[in-house]
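# Fold and contact review
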Amino acid sequence: MDIIKTIPEIRSILRKHRRADETIGFVPTMGYFHEGHLSLMDIAREKSDILVISIFVNPTQFGPDEDLERYPRDLEHDARLAEERGVDYIFHPDVDEMYSPNFSTYVKNLELSNLLCGATRDNHFRGVTTIVSKLFNIINPDLAVFGQKDHQQAIIIKRMVEDLNFPVEIVLGDIIREADGLAKSSRNTYLNGREREQAPIIYQALKEAKKMVEEGERSAGKVKKYIRDKIDSVELSEIEYVEIVEDTMLGSVDKISRGNFAAVAVWFGDTRLIDNIILL
Ligand code: PAF
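Quick look at the structure, then.

So, how was this worked out
- Residue numbers restart at each chain and count upward from 1, following the sequence in its written direction.
- Reporting in this predicted model follows two pLDDT cut-offs: at least 70 for local features of residues, and 80 or more for side-chain atom pairs to be given and counted; totals over whole chains, interfaces and linings ignore these cut-offs and use all residues.
- Side-chain measures here rest on the full set of heavy atoms in the structure, leaving out hydrogens and waters.
- Nearness of a residue to a molecule or strand requires only that one of the residue's heavy atoms be within 4 Å of it.
- By the criterion applied in these results, polar contacts are pairs of N or O atoms within 3.5 Å in which, for protein atoms, one can donate a hydrogen and the other can accept it, and in which residues neighboring in sequence qualify only through two side-chain atoms.
- The Shrake-Rupley method, run with a 1.4 Å probe sphere, supplies the accessible areas, and residue values consider only the shown protein chains as cover.
- Where helices and strands are cited, they refer to DSSP runs of H or I of at least four residues and of E of at least two residues respectively, numbered from the N terminus.
- By this rule, a helix spans an expected 1.5 Å times one less than how many residues it contains.
- Buried means the residue's accessible area, taken with a 1.4 Å probe over protein chains only, is under 20% of the maximum for its type, while exposed means over 50%, and partly exposed covers the values in between.
- Residues are treated as being in contact if the distance between any of their heavy atoms lies within 4.5 Å.
- Any two strands are treated as partners once DSSP identifies two or more bridges connecting them.
- With axes taken as lines fitted to C-alpha atoms, and helix axes fitted only over the stretch in contact, angles between N-to-C directions fall between 0 and 180 degrees.

Now for the site of the ligand. Within the structure, the ligand sits among Pro28, Thr29, Met30, Asn58, Gln61, Val128, Ile131, Phe146, Asp150 and Gln153. Here an oxygen atom of the ligand and a side-chain polar atom of glutamine 61 are 2.6 Å apart. One nitrogen or oxygen atom from the side chain of glutamine 153 is found 2.8 Å from an oxygen atom belonging to the ligand. In isolation the ligand has 290 Å² of accessible area, and contact with the protein removes 88% of it.

Given below as structure tokens:
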């Protein structure tokens, strides 16, 4: 496995693989790997000849008051885990390699970027779609794998790929959870002891909401209230949003039908956690 820092070098390496008719699978990440990231690499590994991942904490998707500086980083640990999972190349550029001083061209979905997480995280999805476009242009993968945990991100990227005709297949990997149900996230490391104890309430609420729907409840209002009340029942939670939406244009629904999912963002102290579940 090689760690490549520059765009010309990764392009030249991958050109050779493409000439040899090898397919390229890609997993973009911001590093600090947990089982969630590794499961995405397993999917890409199985479906492609060459597996490339990127590790890049992308500044344009962080707001001015967000956690860009304190976002956890550990390249040595990540490289060891990636090698164990059969990664061929890690693309690990510096910020200057990806953003020149005159950088001023962005990619933004105009319908989906300001909903759900985008309502409070100004320009977050613009940063995501911009960096993912750049990475797709550099790596030119046949397929790219993203996690369902960031369901809105996955939907926006699928929309972008279709709208802008990127020749890449998007594959989604399941949410990987801790034993107590908390969705794995690099940001879980920010939680203190009491916050960590209470955070699994998020998944409990989502799981019970899914059960309500499976047993016949179709009112989005009632299911949202159930989720809210359950999450509010622990002292340290502060709900940012609870929504039930359809899975193409993220429209809010009144009556739950197939493909709809519940999505939540909840603060525990300074840590913002997101999670979601397909209800039907
Ligand atoms: O999901 C992430 O880790 C990031 O948003 C991504 C897709 C790597 C873009 O920076």
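End to end, helix 9 (residues 201–214) covers 20 Å across 14 residues, agreeing with the expected 20 Å (1.5 Å per residue, within 8%). For helix 9, the complete set of buried residues consists of Ile201, Ile202, Tyr203, Ala205, Leu206, Ala209 and Val213. Looking at the buried positions of helix 9, the neighbouring elements they touch are helix 8 (193–198), helix 10 (220–232), strand 8 (261–268) and strand 9 (271–278). Just past helix 9, the residue glycine 216 takes up positive phi, approximately 125°.

The antiparallel open sheet is built from 3 strands, whose spatial order is 7-8-9. The sheet is open, and its two borders are formed by strand 7 (237–245) and strand 9, each paired with just one other strand. Along the sheet, successive strands turn relative to each other by an average axial angle of 15°, direction set aside. Contacting strand 8 and strand 9, helix 9 crosses the sheet at an angle of about 20° to strand 9.

Purely spatial values, then, with no claim about function.
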